[in-house]
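Survey of secondary and tertiary structure
Chain by chain, the residues:
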Amino acid sequence: MIPGDPARMALGPTATQEMVEKYRDKLHLNDPIHIQYWFFIKGITKGDLGESVYTKRKVTTDVSTYFPATLELIIFASLIMIFVGVPLGILAGRFKDKAIDNISRFISLLGVVTPSFVWAVFLMIIFAFYLDILPVAGRLSQDTVAPERITGLIILDSIIRGQFNVTIDALKHIILPALALSLGALGQASRLTRSNITEVYDKQYIEMARAYGYNEFKIATKYALKPAMIPTLTILGLDFAAMLGNAFLVEFVFAWPGIAKYGVQAILYKDLNAITATTMIIATFFVFTNLIVDLIVAYLNPKIRLSGK
Amino acid sequence: MKLFKSRGWYKFSKNPLSVLGLLIVSLIVLMAVFANYLTPFPEHAGPFVDIPNKIKSPSSTYFFGTDKIGRDSFSRIIFGYRTSLYLGVIVLCIAVPIGTSLGLVAGYFGGKIDAIIMRITDIFLSIPPLVLALSIMAFLKPTLTNAMIAVSMMWWPWYTRLVYNLTRSIKNEGFVVSARIVGASNFHIIFKEILPNCSASLITKITLDMGFVILIGSSLSFLGLGVQPPTPDLGTMVSQGSKYLPDIWWLSVFPGLAILVIVLGFNLLGDGLKDLFDVEL
Amino acid sequence: MYVKTTLLNIYIHGSVTILKYLGGKMKIFKINILAFLVTSLFSFSIFAGGTLRLDEVAIGEADPAKATDFADGIIMENVYDALVTEPQGGGPVIGKLAKDWEVSNNGTTITFHLNENVKFSSGNDMTADDVVYSYERLMGLKLGWSYLFDGWVKGIKKIDNHKVQFELNEPYAPFMSSLVRFYIVDSETLKANESDGDWGQEYLLANSAGTGAYSITAHDPNVETRMAKNNNYFLGIAEIAPNEAILRYNLDAPTVRTLISNDEHDISSNWLPTDVKAAIADSGDKLAKVVSAGGWYFKINTTRAPLDDVNCRKSLAYALDYDSLVGTFQVTDDIAAGQKARGPIPQGMIGYSDDVPLVEYNLDKAKDYLSKCKYSGDDLKITINWIAEVPFEESWALILQQGAMAIGYEASVETLPWAVFTEQVTKPETTPNLSIVAVQAQTPDPDGLIYNMYHSAAAGTWQSTEWVQDDNIDSMLNAGRTTIDGQERVAIYESFQQAIVDMQPDLFISDLVTVYAMRDEINAPTLEDSATYGFSTMAQNFSFRLMEVPN
């Protein structure tokens, strides 16, 4: 199915046919696909995902090098999405059809219709070139040494190790890619929050609360927000996972050394082990995110929480 | 069609954004179809090299400047729209019939068929679209045709889900029940009674999706996994142009804006249709 | 480190420089100047060259038995040493790890006397055992540059601790120049780090075991290789030579462009788009032009229709608009990244001759040849492939496409990433009709360029996508190898050049001229005046120890 011979790519142009065959045997490439799969599963149980023909290292080494960079980017983008998108949506819902609502609508529309790589290019031109206030690419400046690895998330590691100058440098580098990654989801999040908030505000119990003379802030935080957040959260979870797809695009523009860039290289190199590992990471990440979202929703929604009892 | 009956049009035209969407879409479609006559340099879409005029900044001759071999960006963007629309139409032509018929079958018959089809649909829906397309492209040679296949593969479930929900509610409506009582065949009921009642939702969703399919298609070609150069394509142009930043900005900014505009157009138009038909998606 | 050294510079140059810096790009450091002035006092003790930062296309191979690419060559030339080397400015090889050598009368036994004061970065002494081990390792893995020796070398043996002897099967003229690609590794370290007879491959994924002027401190084949200066290098190393070098992989053009103008990157790769190089030169940094032993070729797959007919190939040669090609070489008014080629052997190399006429763009002649070709009409379908990592190749592909279509071909242009391309060309049926490839001599000898391209035994690599299977060509190449007499070799290669031009297995784009954008403060005579100080061996111009990187 895959055009191209990974063994040949791994060994390079000067390898003899005999060596290629030997390498194919070593990688089990000569076996039928279900046998290959069996070896793969056997490998997983031993924590071994095989060797990447592209980097010629263990795939597990590669993944643990590149995945934290992507995770950091996605987490940061999600923070922007939640802490900008949701409040914007709440405001828009509270002040329906006022200026803030229109602004939020405009942002969300732009966010939805613009691919993240176009955002990346625009943001790069404005902030990195024209204003020249943020770095162009990478995770750290040339002269900044990454903190000794704990989690692989440079921002977190540098805080733990107390190297705050590294933290600041890393933050500067992550702003643009994270923003480019989050703008699409941000718009969606704010629109969703808005529509759920307006729906909740139309409910009778809000009117009842008003009638009791509760102040607006208490109504908003205590009675409106929680039910409005439940459907929003589910979608946010989906967005969080979808960012992994868009990370492929953003990492390319900002030369971010993450799993997505690794994944695309793997695709181009027909690097089966690396492709499988990348896909697995994405799938695991996806399942995990959905699980967390489900737990939070269950916590917020008594109907789900109590239904088992 | 309903849209052009005076009352519908009146309702539609009251929202300036919907009209803007319609304008953008019709303009782009028109330009793309008649690109050979409407662009200043139609030959620049094909094999064409003009080294003395390479890397010229935007001017009255070259509205959006020229690229590294002297081709007019404006002309190529219009031809890029043609590629995008082509991709969008083909993908939806594959995805919509497949998705719709599965949705109809699952919704109408229920039971085991329902369970099987809808579980598969759920699996596909749970994977982020771009990730799915990328993993399909991992096993295919990067070409326009394969990109279309990959995007179609991820698009049909949305139609299954939509049509499934519609079918489930329509099938208990009086006219369907009475058709069944008079002994109409399942085929007749599905295609003559239920499907026409899904059409408003379908048309709206297709319009909205046209934009998003184009967006995903351009993302694939941006990564080098879709349309291959020198075929004019917006994603490829952004990707190639971004190598020349910041000095030669016009090679990436204009194609980027072009993607934004076409997706925006379909989005606004789709929203307008949604209000007009009063459908939920 | 960079901050520290930058400020050391400020300290030395006094307040005028400080003011200049304040007004310039280094705004961020403004506040910290005072603090750094204090720290910089302490840095005096380590006064030395700064950090050199350059980039290449991934991946960087750090194992001397696997290296073949340009990026690999850069690592090899700095981290490892060979027995011999080309002298600066070119010429026959001179000793490096070897002090001198004796060749037996029939030319098949070569005995090397090794330098005695050479140490590996581990501190181990370099001895004859290491040389023997290195050769066994190279042939045991049979990758990389092993093909230069495979079949020609009968054996190697240790005579004493500082004496080794090579035994050849028959006289092999390019042997000495091939040895520049035979890098000596630290046998003790590798044996200590060997697992299941892997020749220490695992260890060399992230470490080095050489005698070179630099040693690897960190290596990620996809991201960067960091190398630190070895102050005890046996040939000596200048203080001003870079203290550390960072070879970064797959940097995007805008990144390189911005980093260089922000003084955060020193030397670009050659693959940077021409117009970006021009932009860098425009904004005050410099360009270095290196004429290398090699060329750019449209390599024609001579086994697939319609280009298995020489007349069809000739028709394309005349349909190529050379003026447009030359237009794409022009980086600035004074610097052109190319010069028209006459044949496979570039100007300056043995075998080059002005007598071979330059082909001119002539559509009538092209049509003439096409009418003599046995294919016509629908059979005239060709694809032109360019390498995805090298965007300027696309222009050339399109120039040829335009010409080919003008005379009746149905020509399409495709692109493949390098790694996929190198795999596709291992079979004639998957090798594109035409592929644009740059080939540089692997060794300082014409044999190191053309044998790999045209000998039937070498077919099936990215260097030989022509799939030439021609007895006459083979015998000329063999004669070139076994003939020791210099004059005779020149004659052989001159007639070879003509034979290839007649056969037209390639369209010759240009001699290999590489252009690097460089930060103004860097001095690299090997790149900036390569005719005097440089080397023709691939990547040897990137010997960091010959560069000057001020703090």
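Residues numbered from 1 in each chain as written. Chains lettered and ligands numbered in written order. Predicted model: local features only at pLDDT ≥ 70, side-chain atom pairs only at ≥ 80, totals over all residues. Heavy atoms only, no water.

Interaxial distance between helix α10 (residues 216–253) of chain A and helix α6 (residues 129–137) of chain B falls to 6 Å at its minimum, and their mutual angle equals 65°. Counted together, L244, G245, N246, F248 and L249 of chain A of α10 of chain A and L130, V131 and L134 of chain B of α6 of chain B form the full contact between these two elements. For the contact of α10 of chain A with α6 of chain B, a count of residues per class yields six nonpolar, two polar and no charged. (Axes fitted to C-alpha atoms, helices over the stretch in contact; angles between N-to-C directions. Helix = DSSP H or I, 4+ residues; strand = E, 2+ residues; numbered from the N terminus. Contact = heavy atoms within 4.5 Å. Nonpolar A, V, L, I, M, F, W, Y, C, P; charged D, E, K, R; others polar.)

Now for the state of the cysteines. Residues and elements named next belong to chain C. Tallying each qualifying case throughout the model produces one disulfide over all chains. The residue that forms a disulfide with C312 is C373, at a sulfur-sulfur distance of 2.0 Å. Taking the sign of the torsion about the S-S bond as the criterion, the disulfide between C312 and C373, at about -90°, is left-handed. Of the two residues, C312 is situated in helix α10 (residues 310–319) and C373 in the loop between α12 (363–372) and β12 (381–387); the sequence distance between them amounts to 61 residues. (Disulfide = S-S within 2.5 Å.)

Let's shift gears to the sheet that holds strand β15 (residues 506–518) of chain C. Residue and element names in this part refer to chain C. The mixed open sheet is built from five strands, whose spatial order is β13-β12-β14-β11-β15. Each edge of the sheet is formed by a strand with only one pairing partner; in this case those strands are β13 (410–416) and β15. Averaged over all neighbouring strand pairs, the angle between strand axes comes to 35°, with direction disregarded. Judged from the two bridges that link them, β12 and strand β14 (residues 434–440) form a sheet pairing that is parallel. Its bridge partner being in β14, N385 is matched across the sheet by S435. (Pairing = 2+ DSSP bridges.)

Residues and elements named next belong to chain B. Across the interface, α6 lies against helix α9 (residues 186–222) with an axial gap of 11 Å and an inter-helix angle of 45°. The angle between the axes of α6 and α9 places the two elements in the oblique class. Read as a crossing pair, α6 and α9 show a hand that is right-handed. Contacts between α6 and α9 involve P129, L130, A133, L134 and M137 on the former and, on the latter, I216, S219 and L220. Classifying every residue of the contact of α6 with α9 by side-chain character gives seven nonpolar, one polar and no charged. (Parallel < 35°, antiparallel > 145°, perpendicular 65-115°, else oblique. Left-handed = near helix turned anticlockwise from the far one by under 90°.)

With that out of the way, let us pick up the interface of chain A and chain C. Contacts between chain A and chain C engage 31 residues on the former and 38 residues on the latter. The contact between chain A and chain C buries some 3,000 Å² in all, and 57% of this surface belongs to carbon and sulfur atoms. Summed over the shared surface of chain A and chain C, the result is one salt bridge. Linking R57 of chain A and D220 of chain C is a salt bridge whose minimum nitrogen-to-oxygen distance equals 3.5 Å. Our count for the chain A to chain C interface comes out at two residue pairs in polar contact (both at pLDDT 80 or more). For the side of chain A that touches chain C, the secondary-structure elements that each account for two or more residues are α1 (6–11), α4 (59–94), α10 and α11 (259–268) of chain A. (Buried area = accessible area lost by both parts, 1.4 Å probe. Salt bridge = Lys/Arg side-chain N within 4 Å of Asp/Glu carboxyl O. Polar contact = N/O pair within 3.5 Å; in protein donor to acceptor, adjacent residues only side chain to side chain.)

What follows deals with the interface of chain A and chain B. Facing the 33 residues of chain A at the interface are 33 residues of chain B. For the chain A and chain B pair, buried surface summed over both sides reaches about 2,800 Å², with 87% attributable to carbon and sulfur atoms. Sorting the residues of chain A by area buried against chain B places V113, F117 and I267 of chain A first, and these three jointly supply 19% of that buried surface. Counting every contact that joins chain A to chain B gives zero salt bridges. Breaking the side of chain A that touches chain B down by element, the ones donating at least two residues are α5 (99–113), α6 (116–130), α10, α11 and α12 (272–300) of chain A. With nine residues, the top contributor of residues to the side of chain A that touches chain B is α10 of chain A. Looking at the side of chain A that touches chain B residue by residue, the classes come out as 29 nonpolar, three polar and one charged.

All names here are of chain B. On the surface, a nonpolar cluster with roughly 610 Å² of combined accessible area is contributed by V29, L30, V33, F34, Y37 and L38. Of all the secondary structure elements, the ones that give two or more residues to the nonpolar patch are α2 (16–33) and α3 (35–38). Residue contributions to the nonpolar patch peak at three residues, all from α2. For F34, the position within the fold is in the loop between α2 and α3. The class for F34 is partly exposed, based on a relative accessible area of 40%. (Patch = residues over 30% accessible without salt bridge, like charges linked within 9 Å, V, L, I, M, F, W, Y side chains within 5 Å. Areas by Shrake-Rupley, 256 points an atom, 1.4 Å probe, with all protein chains shown as cover. Buried < 20%, exposed > 50% of the residue type's maximum accessible area, 1.4 Å probe, protein only.)

What follows is about the confidence of the model for chain A. When pLDDT drops low, the exact placement of atoms in the prediction is not to be read closely. Model confidence for chain A is summarised by a mean pLDDT of 82, while 95% of its residues fall at 70 or above. Within chain A, no element has a lower average pLDDT than helix α13 (residues 302–307) of chain A, which sits at 64, and none a higher one than α6 of chain A, at 91. (pLDDT = per-residue confidence, 0-100.)

Residue and element names in this part refer to chain C. Counting residues in hydrophobic clusters, the biggest one holds 249 residues, and the most contacted among them are L83, F112, F166, F175, L179, F182 and L527. When sequence neighbours within four positions are dropped, the list of residues in contact with L179 reads A82, L83, V84, F112, F149 and F166. With 77 residues, the next largest nonpolar core counts L307, L325, L380 and L507 among its residues. (Core = buried A, V, L, I, M, F, W, Y, C linked by side-chain atoms within 4.5 Å.)

The subject of this paragraph is the pairing of β14 of chain C. Residues and elements named next belong to chain C. Counting buried positions along β14 yields seven of seven residues, so the element is predominantly enclosed. Burial of β14 is two-sided: the residues L434, I436, A438 and Q440 facing one way and the residues S435, V437 and V439 facing the other way are all buried. Pairing of strand β11 (residues 286–300) with β14 involves seven bridges; the strand directions are antiparallel. Bridge assignment links K299 to a residue of β14, and that residue is S435.

Once that is clear, we can look at the packing of aromatic side chains. By the definition in use, this model includes 39 aromatic pairs over all chains. Here the aromatic rings of F117 of chain A and F222 of chain B are separated by 4.2 Å at their centres, their planes lie at 15°, and the arrangement is stacked. Of this pair, F117 of chain A sits in helix α6 while F222 of chain B sits in helix α9, which puts the two residues in different chains. Judged by its relative accessible area of 0%, F117 of chain A falls in the buried class. Given a relative accessible area of 5%, F222 of chain B falls into the buried group. Between Y108 of chain B and F109 of chain B, the aromatic rings sit 5.1 Å apart at their centres with planes inclined by 85°, giving edge-to-face as the arrangement. Given a relative accessible area of 40%, F109 of chain B falls into the partly exposed group. Taken together through their ring pairs, the aromatic side chains of W101, F112, Y135, F149, W152, F166, Y172, F175 and F182 of chain C make up a single cluster. Looking at R94 of chain A, its charged tip hangs above the ring of Y201 of chain A, at a distance of 4.7 Å from the centre. Over the ring of W145 of chain C we find R181 of chain C; its NZ or CZ atom is 4.2 Å from the centre of that ring. (Phe/Tyr/Trp six-rings, centres within 6.5 Å; stacked < 30°, edge-to-face > 60°. Lys NZ or Arg CZ within 6 Å of the ring centre and 35° of its normal.)

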